[in-house]
Amino acid sequence: MKKQILCVPFDPVHDVGIKIIKAELDSRGHNTKLLSPDLAPELIVKEAASVKYDFIMVSRTLGYGVAELLARFIDMLDSAGVRDYAKIIIGGKPITPELAAELGFDKGFGEHSSVEEVIAYIEGREYISGGGGLNRVKKDITAGYDYTFHDSEIQTLLEIIAEKSIAWAKGKTSPGIKRARLRREIARNEGAAGEQFRKEYLLLCDTEIAESNRGRYIKGVRPVSREELHWLGKFTNERKPVYPAKIQHHDKHPLFFKFLGSGCPVMDLAHAKICERYGVDGFLIINPSWEARYEGLIEGCLTHENDGTITSLKNIELMRNSLDKGTLLSVRAHRGLNTPETVELAGLAGADLVKINLVYGSLGAGTDPVRLLIDGIEAMKTAAGYGLPFDIPGNDELSGVPSWKTLAGLLINVMMGKKLGAKGILKPLFCYGPHIVINGLMKQNFVDYNAAKIYTLRKLVSAPVWPGEPVAFMTQSEERVQSATATGTHAALASGLGADAVTIASTDEAYSRGPICVTSRIDSIRAAAESLRFMGNASYQPTKQADIYSEMMTEKIRETLRLAASADHLADAISKGYLGSQEDGAYPGTFGSGTVTASE
C-alpha cells in the first residue's frame, strides 16, 4: 500500500541522507514530499497538518540545544493533531532508538541503519539484517569446481606422482596413524573399553605428552579454569554483535579468514567474536611449533604461554561451538607428527576445513618426507570421510623455493586429494619472498607476479584459489598504517583476480614482539573492507608482464613435475630436491625419520 510521506531536512545543510531515502521510496511507488532545509518549525508543522501524511520523516544532526528544539517540535505536532494519523520518525548520525523515544519520536534510525531498514519500517515489514556477523549462511569454498585438469601432460604427470605415492604407501603405517585410529575408538567407546584404548594411545606418545595427559603438564601449559570458561560463555552467549559489518561489497568478493593462535583459546575467542562483528568469515587455528616435534597430542581444554593454540579435541570444540554457526573453521594439520590425528580431531569437533600440504610440511615445517607422505595420505582419507576440504598453503616460498616449485607442490596435493576422495584448495602465497627479491621479480610492481600465480593455477585446474598465508607477507612493516595499507591492496588484488577466499594478518602480526592486539586485527579488516569498497566490481590491471610470468611458471611447473614423476614417489622427489633444493633454501625435515613400519 502506498504511503504519504513528508520528508523534513530539519538541518541547515545535512540533507543528503534523506534525499537518498526519498529517491528509494519514490522508486517503490510511495508519495513523498521533500521540504527545503532549515525551515522554521512553525512552517513544517503547518505543512504536516495540511495533508494526512502517514509518516513525518525528520533528518537532523545533534548539537547544543538541538534536543530541546526537537522536543518542542514534537509538542507542536501533538498540538496540531498530527500525531493522530502520522508516525514521526527521525534519522541522523548520533540518533539511537533510545534517544528517539526519549524525545518523543515513534522510531529512530542511526548511522548504522540502512535505507532498507527505514523503508521496511515504513512499509510495515519485518527487517531482517543479512550479511556479516550473525545470521549469515556458511559458504562451501569448493562449490562450483569439478577438479578437472586442463593441461593433459600436467594431468598425466600428476597422476603418475599420486598413483606411485599411494601405491608405495600401501601396507605402511606410523605411530601417527595408529594414534588417529585409537582417537576414533576413544570417541566411540565409553567406560572400560574407552579407557583401554586411551592406555594404548599413551603408549604411542612421547613421554612429555603421556605425562601431560596424566596431569603433569609441559612447562607453561595448564587447563583453562572453570571461571575462565564461565566468563567466556557469558561473553559469547549473552553478547551479540552490534551492527555487524561485511567486508564484501558484492557477491563476487572473496571470503576473508584470520589466524587464531595466541596460545590461549579464551583470548582467541574474545578476538574472534570481535572479528566476526567486523565481517571475518572464518578462522585458522594455528598450533604451537613445539607440538610438531612430539608424538601425540595433549588432551583437555588447555592454554599455554607461547604462540600457537594447543590442538586438542576440547580446544577445537570450544572454538567451533563459540563461533557463529556461519563462521568457517580450519585446523592446521600438516606440521609435525600428528597430521592424521589432528584431522580426526577436527572431524570429531565439527571443524569445516583442515590444512594439509605434504610438500611444505616437510620442506618448511620440519617433518620427515617419508613420515609425512604416509601420514598425509591417511589424513586425506580421513578428511574425505568427514567431508572436510583441505587447504594447501604455499608457504615454502618463504624459504626461498621458486614459485613454480611451490605451485607444482600445490597441484600434487590437489591430485593426491582427488585420488583419495578429498577436495583440495590451492593457496598461492602473495608475498615478497627471497626468490622474488633476489631475482627482481617485483621491482616494477607487486601486481604482475602475484597475478601470474592465479592466472597459472586457473588455466591448469578447476579448483578454488585462496591466496594467503597471509597476503602481503614480507611487504608489511611495524608501522600500522603501512601494514594495513599493504594488506588492503593485496586483498583487493586477490579479489579482482577472482579469488575465492583470502587470509589476512593483523597489522602487528608479521613483526609482533608480543601478543597480537585486537585493535590491530580490526586495522587490517577495515583496510581490506575499504579497499574492496573502493574497487567494487573493478580490479587492478596487470601489465603484459603478468602473462609472460604465467607462461614461464607453467613451463617451469611442467619441468618440475617431470622430475618429480621420475622419482619413486613424492617423498623421494622431495628428498632429491625436485620440489625445493638446498640451493633454494629448502631442507627436508627430520621429525619422525625412521618411524614408518609395515602394517600389522
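Remember, predicted model here, so these are calculated numbers, not experimental data.

**Here's the deal with the overall build of the chain**
Phase 1 of the analysis: The helix and strand inventory of the chain stands at 22 helices and 18 strands.
Phase 2 of the analysis: Each principal axis of the C-alpha atoms in the chain carries an extent, and together these give about 90 × 65 × 45 Å.
Phase 3 of the analysis: Within the span of the chain, comprising 600 residues, buried residues form 55% of the whole.
Phase 4 of the analysis: Of the contacts formed within the chain by residues at least 6 apart in sequence, a portion of 77% connects residues at least 24 apart.
Phase 5 of the analysis: Roughly 25,200 Å² of accessible area belongs to the chain as shown, and the carbon and sulfur atoms make up 52% of that amount.
Phase 6 of the analysis: Here the chain contributes 70 positive and 74 negative side-chain charges, whose respective centroids are spaced 2 Å apart.

**Describing helix 10 (residues 226-238)**
Phase 1 of the analysis: Under the 1.5 Å per step criterion, the end-to-end length of helix 10 is 18 Å for 13 residues, consistent within 8% with the ideal 18 Å.
Phase 2 of the analysis: Along helix 10, the residues classified as buried are Leu232, Gly233 and Thr236. Taken end-on, helix 10 shows its buried residues confined to a sector of 105°, consistent with a single buried face. Seen from the open side of helix 10, the exposed residues pointing more than 90 degrees away from its buried face are Glu227, Trp231 and Glu238.
Phase 3 of the analysis: On its buried face, helix 10 sits against helix 11 (265-277) and helix 12 (313-322).

**Some words on the pairing of strand 16 (residues 468-473)**
Phase 1 of the analysis: The buried fraction of strand 16 is high, at five of six residues.
Phase 2 of the analysis: Bridge count between strand 15 (residues 429-431) and strand 16: two bridges; the pairing is parallel. What sits directly across from Leu429, in strand 16, is Gly468.

**What about the packing of helix 16 (residues 403-420) against helix 18 (residues 448-460)?**
Phase 1 of the analysis: Between helix 16 and helix 18, whose axes approach to 11 Å, the crossing angle comes to 35°. At the point where helix 16 passes helix 18, the crossing takes the right-handed sense. The residues of helix 18 that touch helix 16, namely those facing Ser403, Trp404, Leu407 and Leu411, are Tyr449, Lys453, Thr456, Leu457 and Leu460.
Phase 2 of the analysis: Split by residue class, the contact of helix 16 with helix 18 holds six nonpolar, two polar and one charged.

**Examining the sheet that holds strand 9 (residues 282-285)**
Phase 1 of the analysis: Spatially, seven strands are ordered 14-13-12-11-9-8-17 in an open sheet, and the strand pairing comes out parallel. Both outer strands of the open sheet, strand 14 (424-427) and strand 17 (501-503), are each paired with one neighbouring strand and no more. Across this sheet, the average inter-strand angle for adjacent strands is 25°, counted without regard to direction.

**Brief notes about the sheet that holds strand 3 (residues 55-59)**
Phase 1 of the analysis: Overall, parallel pairing links the five strands, which are arranged 2-1-3-4-5 in an open sheet. Strand pairing shows two members of the sheet lacking a second neighbour, strand 2 (31-34) and strand 5 (107-109), which therefore form its edges. Each neighbouring strand pair of the sheet contributes to a mean axis angle of 20°, computed without reference to strand direction.
Phase 2 of the analysis: Here three bridges tie strand 4 (residues 87-91) to strand 5, and the two strands are oriented parallel to one another. Each bridged residue has a counterpart across the sheet, and for Ile89 the counterpart in strand 5 is Lys107.
Phase 3 of the analysis: Its contacts with the sheet place helix 1 (residues 16-27) against strand 1 (4-9), strand 2 and strand 3, and it is angled at close to 155° to strand 2.

**Observations concerning unusual backbone geometry**
Phase 1 of the analysis: For the bond from Gly468 to Glu469, the omega torsion is 0°, close enough to zero to count as cis.
Phase 2 of the analysis: Mapped onto the secondary structure, Glu469 falls in strand 16.
Phase 3 of the analysis: Of the consecutive residues Glu469 and Pro470, the connecting peptide bond is found in the cis state with omega at 10°.
Phase 4 of the analysis: On the secondary structure map, Pro470 appears in strand 16.
Phase 5 of the analysis: The backbone of Tyr147 sits at a positive phi, close to 60°, despite the residue not being glycine.
Phase 6 of the analysis: Relative to the helices and strands, Tyr147 resides in the loop between helix 5 (115-122) and helix 6 (152-169).

**Examining the layout of surface pockets**
It is a probe the size of a water molecule, rolled over the atoms, that shows where empty space is left.
Phase 1 of the analysis: Reported here for the largest pocket is a volume of approximately 1,600 Å³.
Phase 2 of the analysis: Around the largest pocket, the lining comprises 44 residues; the ones closest to its centre are Gly110, Glu111, His112, Ser113 and Ser114.
Phase 3 of the analysis: Among the elements of the structure, helix 1, strand 3, strand 4, strand 5, helix 5 and helix 20 (518-535) are those that each provide at least two residues to the lining of the largest pocket.
Phase 4 of the analysis: In the lining of the largest pocket, the residues fall into 19 nonpolar, 15 polar and ten charged.

**Section: the side chain of Thr560**
Phase 1 of the analysis: Within the secondary structure, Thr560 sits in helix 21 (residues 544-566).
Phase 2 of the analysis: Of the residues examined, Thr560 reaches a relative accessible area of 4% and is grouped as buried.
Phase 3 of the analysis: With residues up to four places along the chain from it excluded, the contact list for Thr560 reads Trp404, Lys405, Ala408, Tyr578 and Leu579.

**Here's the deal with helix 13 (residues 339-349)**
Phase 1 of the analysis: Burial analysis of helix 13 places ten of its eleven residues in the buried class, the great majority of the element.
Phase 2 of the analysis: Along helix 13, the residues classified as buried are Thr339, Pro340, Glu341, Thr342, Val343, Glu344, Leu345, Ala346, Gly347 and Ala349.
Phase 3 of the analysis: Along its buried surface, helix 13 packs onto helix 7 (175-188), helix 8 (191-203), helix 12, strand 11 (328-332), strand 12 (353-355) and helix 15 (369-386).
Phase 4 of the analysis: Looking one or two residues beyond helix 13, the residue adopting positive phi is Gly350, at roughly 85°.

**Let's talk about the domain arrangement of the chain**
Phase 1 of the analysis: What the domain assignment lists for the chain is domain 1 (4-123) and domain 2 (152-580).
Phase 2 of the analysis: Taking only C-alpha atoms, the centre of domain 1 and the centre of domain 2 are 51 Å apart.

**Description of the pairing of strand 4**
Phase 1 of the analysis: Of all five residues in strand 4, four are buried; the element is thus mostly enclosed.
Phase 2 of the analysis: Sheet topology note: the strand 3/strand 4 ladder contains five bridges and is parallel. Looking at strand 4, one finds that Ile56 is bridged to Ile88.
Phase 3 of the analysis: Taken together, strand 4, helix 4 (residues 97-103) and strand 5 constitute a β-α-β crossover, and its handedness is right-handed.

**Remarks on the packing of aromatic side chains**
Phase 1 of the analysis: Overall, the coordinates contain seven aromatic pairs when judged by the stated rule.
Phase 2 of the analysis: Between Phe257 and Trp466, the aromatic rings sit 4.3 Å apart at their centres with planes inclined by 40°, giving tilted as the arrangement. In this pair, Phe257 is assigned in strand 8 (residues 255-260) and Trp466 in the loop between helix 18 and strand 16, connecting sequence segments 209 residues apart. Here the two residues Phe257 and Trp466 agree in accessibility, since each one is buried.
Phase 3 of the analysis: Ring centres 6.2 Å apart and planes at 70° place the aromatic pair Trp290 and Tyr294 in the edge-to-face group.
Phase 4 of the analysis: For Tyr294, a relative accessible area of 18% corresponds to the buried category.
Phase 5 of the analysis: Taken together, the ring pairs connect Phe55, Phe109 and Tyr121 into an aromatic cluster.

Basis of the calculations
- Residues numbered from 1 in each chain as written.
- Predicted model: local features only at pLDDT ≥ 70, side-chain atom pairs only at ≥ 80, totals over all residues.
- Heavy atoms only, no water.
- Helix = DSSP H or I, 4+ residues; strand = E, 2+ residues; numbered from the N terminus.
- Buried < 20%, exposed > 50% of the residue type's maximum accessible area, 1.4 Å probe, protein only.
- Contact = heavy atoms within 4.5 Å.
- Areas by Shrake-Rupley, 256 points an atom, 1.4 Å probe, with all protein chains shown as cover.
- Lys, Arg positive; Asp, Glu negative; His and termini not counted.
- Charge placed at Lys NZ, Arg CZ, Asp CG, Glu CD.
- Expected span 1.5 Å × (residues − 1).
- Arc of directions from axis to C-beta.
- Pairing = 2+ DSSP bridges.
- Axes fitted to C-alpha atoms, helices over the stretch in contact; angles between N-to-C directions.
- Left-handed = near helix turned anticlockwise from the far one by under 90°.
- Nonpolar A, V, L, I, M, F, W, Y, C, P; charged D, E, K, R; others polar.
- 1 Å grid on protein atoms, 1.4 Å probe; cavity = no way out; pocket = protein on both sides within 12 Å on 5 of 7 lines; lining within 4 Å.
- Points joined across faces, edges and corners; volume = space filled by probe spheres on them.
- Domains from an automatic or database assignment.
- Right-handed = clockwise from strand over helix to strand, strands pointing away.
- Phe/Tyr/Trp six-rings, centres within 6.5 Å; stacked < 30°, edge-to-face > 60°.

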